[in-house]
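Coordinate analysis (summary)
Read off the chains here:
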Amino acid sequence: MLRRTFLGLLGAAGASVALPRSAAAGSKKFGPHPDTMGVLFDATRCIGCRKCEAACNEVNELPAPDRKFDDLSVLDTERRTDEKTYTVVNKYQGMNGPVYRKAQCNHCLEPACASACFVRAFKKQPNGAVTYDASVCVGCRYCMVACPFSIPAYEYGEPLTPRVMKCTLCAPRLAEGKLPGCVERCPKEALTFGPRDALIEIARARIAAFPGKYVDHIYGEREMGGTSWMYISGEPFSHIGLREDLGTASAPELTAGALAAVPMVVGLWPVLLGGIYAVSRRKDKVANEERVTAVKDALAKAAAEAEKKLHEELSKAETAGRRRIEVEVKKAVEEALSAKDEDAEKSEEEV
Amino acid sequence: MTVETVTAERKSLFTPFNIIAAVILVAGLVVTVMRFTGGLGAVTNLDQNNPWGIWISFDLLCGVALAAGGYTTSAACYIFGLKKYHSGVRPAILTAFLGYALVVFALHYDVGRPWRLPYPIFVQQGTTSLLFEVGLCVFLYLTVLFVEFTPAMFEWLGMKKIRNIVVKGTLALTIMGVILSTLHQSSLGALFSIAPSKLHPLWYSPYLPVFFFVSSICAGMSMVIFEGTLSHKPMHRLMDKEYLDNHDGLILGFGKATSLVLFGYFAIKLIGLAYDNNWHYLTTGWGAWYMVEMLGFVALPSFLYAVGVRDRNIPLIKWAAGLTVLGIVVNRFNVSLVAFNYFLPSSQRYFPSWSEITISLFVVAIGVLAFRFITTRMPIFHEHPDYKDAH
């Protein structure tokens, strides 16, 4: 006993050391858990007695229903899971009379709710259960948007402490070594609990043994990346309220592209935007420089022209001045000469 | 403040605007009490199949898209070097800051335990979630917008030194703003990429994040034009010459840009349609509604913008802006409500309750009042005399 405790501690220590690494390696994945457990539902066996609903209500200590569990007229209207009901059985019209199908959380291998939750309130446990931790839940209800099976329900009546409610695969009972409540109570063995791989084997064997009785498909083997809860049926699955257009891509795969783009934007945008800024700055600078040079050139040209003009004017003025002096001198000389001539004429007359 | 403005404000206390705002505020407070005593069930029409209503579609998705004017205008001015839009930056930043603050405020009504809103960032990080991405970016961007807004506040308070320090970081803040906006605008679209089975194929696309980002650019620029038009008359006395002189230029420039981006958006929407080969849905009823959105709210405003810019027809551009804003609302409602859960019978579909509409109006009213309070006091539509030509 002591030795086992010690080994257990050792294992726990090892796991906790290994955890960050494995979490980092597959930061977008929640599985795979090779030893995941699951439940196989066989629609050809279910008789719609609602005993599983009653058991679920008891073991999960949920509030009493409006109508008792042995009231089968409830089956006349299609229901879904809600904040007081983790599982419901619905009645569908089959080819040979009524067919029943139980609905509850399918405990996806790669859960959409866990992928969508921004506080990691949902966890895919190694035993297969997808569990919810109300102590961190903000109540944004994105899990309800994300779930392809429309399973999680919300306590709309709670003003300040609403929780998201859904099947836990009876994780607390599994930990005690017990079966899920519904599986234990089913009187027709329509529910089989076991390792998921083994359940697929069982389902294949049943389909092979009664080829006319079953549709050759295990619903949940691959839908949305595979689920822990799987279904086999004699009716096409879309006739018993299971959508056949979900595809095989898991929720993390659907959002992987958008998430992968984030670090690229963070890395590239500063370069791109900084580049645009630098180019626009440089263009402004070049334009400015060109303007300054152009202005300088124009100024220089204008100055040169002005100087030339001034020079010309000056030289013109000089010539004009010189000419004027010359004229004046000439005039003076002519006057002087004419005065002399007159004097001479006068003296001639006098003589 | 001069005596004149004081009397003007006193006179305006019983205007129709103030009376309507007061009625909305009182009704909003009543619903607030109901919400936090009776829970979401008491005031909303939300149910197990319809977890998100108009508080997400309008207050969050439309609120964030229409607040995109902050990053588009500041990027145009500070990164693309279009300095002539400078006078439009402050009103746009203020609108964006108030828009985001109100988005966060409105979320307090919608989420179950609002005091845990910091949990995804500070307690336990769900990094696989696109909502984590949105939350982190909105938180950071709200901080960036607040810092970008503070110079106006510091000028008002006369705190020169710290104002000058913040202004020095303008370029870095603008780049951060564009990065964060790119991320969360697109992530809001990517939120729905996890639910291909619930969203009608005409609206679901692997390109949802790109569609949301590109349309947010149109929304932001149109909102700048639209909001400028709305505030032009009541705020005219606060607008300085620079703002008024550049206003028509800004409308023409943004009109031209939005026309082009809308055209590109129309093209990538068609590419998305072709990529998933969804043409055959166009002949269904959903296809008719899809074409109303694409032709009436994308192609038509793109065309009207182009004609308005060519003819320098400012009123036509303003109409195109209003149509684009309405188109963004139509698109966000289509993705998150109308085409979401399209397969459910009509009896299980969601329609908002009066209380939900009241809270949405309440949030808008608070935004308008805060905008008026700030623009009448701080240098938003005009430059502070001490800092003229300081940019």
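In what follows, the structure referred to is the one given above.
Every chain's residues receive numbers from 1 upward, in the order its sequence appears when written. Here chains are named by letter from A upward and ligands by number from 1 upward, in the order in which they appear as written. Where totals are concerned, whole chains, interfaces and linings use all residues; where local detail is concerned, this predicted model gives features only for residues with pLDDT of at least 70, and gives and counts side-chain atom pairs only at 80 or more. Side-chain numbers here rest on the full set of heavy atoms in the structure, without hydrogens or water.

**So, the overall build of chain B**
Runs of E in the DSSP output that reach at least two residues are strands. Runs of H or I that reach at least four are helices, and both are numbered from the N terminus. Looking only at helices and strands, chain B has 15 helices and 0 strands in total. The size measure is the radius of gyration over C-alpha atoms, and the globule rule it meets is 2.2 Å times the number of residues to the 0.38 power. Its C-alpha atoms give chain B a radius of gyration of 21 Å, near enough to 21 Å, the size a compact globule of 391 residues would have. Here's how the labels work: a residue is buried when its accessible area is under 20% of the maximum for its type, exposed when over 50%, partly exposed in between, all with a 1.4 Å probe on protein chains only. For chain B, with 391 residues in total, the buried portion stands at 58%. Whether two residues are in contact is decided by their heavy atoms: any pair within 4.5 Å suffices. Counting contacts in chain B only where the partners sit at least 6 residues apart, residues at least 24 apart contribute 80% of the total.

**Focus: the interface of chain A and chain B**
Contact residues are listed per partner, giving 58 residues for chain A and 56 residues for chain B. Buried area is a sum: the accessible area each of two parts loses on coming together, probed at 1.4 Å, counted once for each and added. Carbon and sulfur atoms supply 61% of the area buried between chain A and chain B, which totals about 5,000 Å² over both sides. Counting the surface chain A buries against chain B, the share from its top three residues, Phe118, Tyr142 and Tyr156 of chain A, is 15%. One speaks of a salt bridge when a side-chain nitrogen belonging to Lys or Arg is within 4 Å of a carboxyl oxygen belonging to Asp or Glu. The tally of links between chain A and chain B comes to 1 salt bridge.

**Brief notes about the packing of aromatic side chains**
Aromatic ring pairs: the centre-centre distance and the angle between the two ring planes describe each pair. Only the six-membered ring of Trp is used, alongside the rings of Phe and Tyr, when aromatic pairs are assigned; centres must lie within 6.5 Å, and planes under 30 degrees apart are stacked while those over 60 apart are edge-to-face, with the rest tilted. A full pass over the atoms with the stated rule returns 26 aromatic pairs over all chains. Judged by centre distance (6.0 Å) and plane angle (75°), the rings of tyrosine 219 of chain A and tyrosine 231 of chain A are edge-to-face. A residue pair is termed long-range when its members are at least 10 positions apart, and tyrosine 219 of chain A in the loop between α7 (196–209) and β9 (229–232) and tyrosine 231 of chain A in strand β9 qualify at 12 residues. On the basis of relative accessible area, tyrosine 219 of chain A is assigned to the buried category, the value being 1%. Between tryptophan 203 of chain B and tryptophan 286 of chain B the ring centres are 6.1 Å apart and the planes differ by 80°, which places this aromatic pair in the edge-to-face class. Note that tryptophan 203 of chain B is positioned in the loop between α10 (170–190) and α11 (208–232) and tryptophan 286 of chain B in helix α13 (residues 285–310), a separation of 83 residues in sequence. Overall, the relative accessible area of 24% leaves tryptophan 286 of chain B in the partly exposed class. To sit over a ring, a charge needs its Lys NZ or Arg CZ within 6 Å of the ring centre and within 35 degrees of the ring normal. Just above the ring of phenylalanine 210 of chain A sits the side chain of lysine 213 of chain A; from NZ or CZ to the centre is 5.0 Å.

**Examining the pattern of salt bridges**
The full count for this structure, using the stated rule, is 18 salt bridges over all chains. Here aspartate 311 of chain B and arginine 310 of chain B are joined by a salt bridge, their closest N and O atoms 3.0 Å apart. Taken together, the salt bridges that share partners define one network made up of Asp42, Arg45 and Arg206 of chain A.

**Thoughts on the sheet that holds β9 of chain A**
All names here are of chain A. What the 3 strands build is an open sheet, ordered β8-β1-β9; its pairing is mixed. Where the open sheet ends on each side, the last strands, each with one partner, are β8 (191–195) and β9. Each strand of the sheet is rotated relative to its neighbour by a mean of 25°, with strand direction disregarded. At least two bridges found by DSSP between two strands are what make those strands a pair. Of the strand pairs in this sheet, strand β1 (residues 37–42) and β9 are connected by 4 bridges, and their pairing is parallel. Opposite aspartate 42, over in β9, you have isoleucine 232 as the bridge partner. Relative to the sheet, α7 contacts β1, β8 and β9, its axis offset from that of β8 by approximately 135°. Here an axis means a line fitted to C-alpha atoms, over the contact stretch when the element is a helix, while the angle between two N-to-C directions is reported on a 0 to 180 degree scale.

**Points about helix α12 (residues 241–275) of chain B**
Residue and element names in this part refer to chain B. Expected span, for any helix, means 1.5 Å times one less than how many residues it has. For α12, with 35 residues, the first-to-last C-alpha span of 50 Å sits near the 51 Å given by 1.5 Å per residue. The angle between axes fitted to the seven residues ending at a residue and the seven residues starting there is what we call the bend at that residue. Where α12 bends most, at histidine 247, the angle is about 40°. Asparagine 277, located one to two residues past α12, shows a positive phi value of around 50°.

**As for the packing of α13 of chain B against helix α14 (residues 314–338) of chain B**
How two helices sit against one another is set out by the angle between their axes and by the gap between those axes. Residue and element names in this part refer to chain B. Close contact between α13 and α14 brings their axes to 9 Å; oriented N to C, the two are set at 155°. Taken together, the axis directions place α13 and α14 in an arrangement best described as roughly antiparallel. The two elements α13 and α14 cross, and the hand of that crossing is left-handed. Here Trp286, Trp289, Glu293, Gly296, Phe297, Leu300, Pro301, Leu304, Tyr305, Val307, Gly308 and Val309 of α13 lie close against α14, whose contacting residues are Leu316, Ile317, Ala320, Ala321, Leu323, Thr324, Leu326, Gly327, Val330, Asn331, Asn334 and Val338. When residues are sorted by character, Ala, Val, Leu, Ile, Met, Phe, Trp, Tyr, Cys and Pro go into the nonpolar class, Asp, Glu, Lys and Arg into the charged class, and all the rest, Gly among them, into the polar class. Here the contact of α13 with α14 is built from residues that sort into 17 nonpolar, 6 polar and 1 charged. By definition in this entry, angles of less than 35 degrees are roughly parallel, angles greater than 145 are roughly antiparallel, angles of 65 to 115 are roughly perpendicular, and the rest are oblique. Two helices cross in a left-handed way if the nearer one is turned anticlockwise from the farther one by less than a right angle. They cross in a right-handed way if the turn is clockwise.

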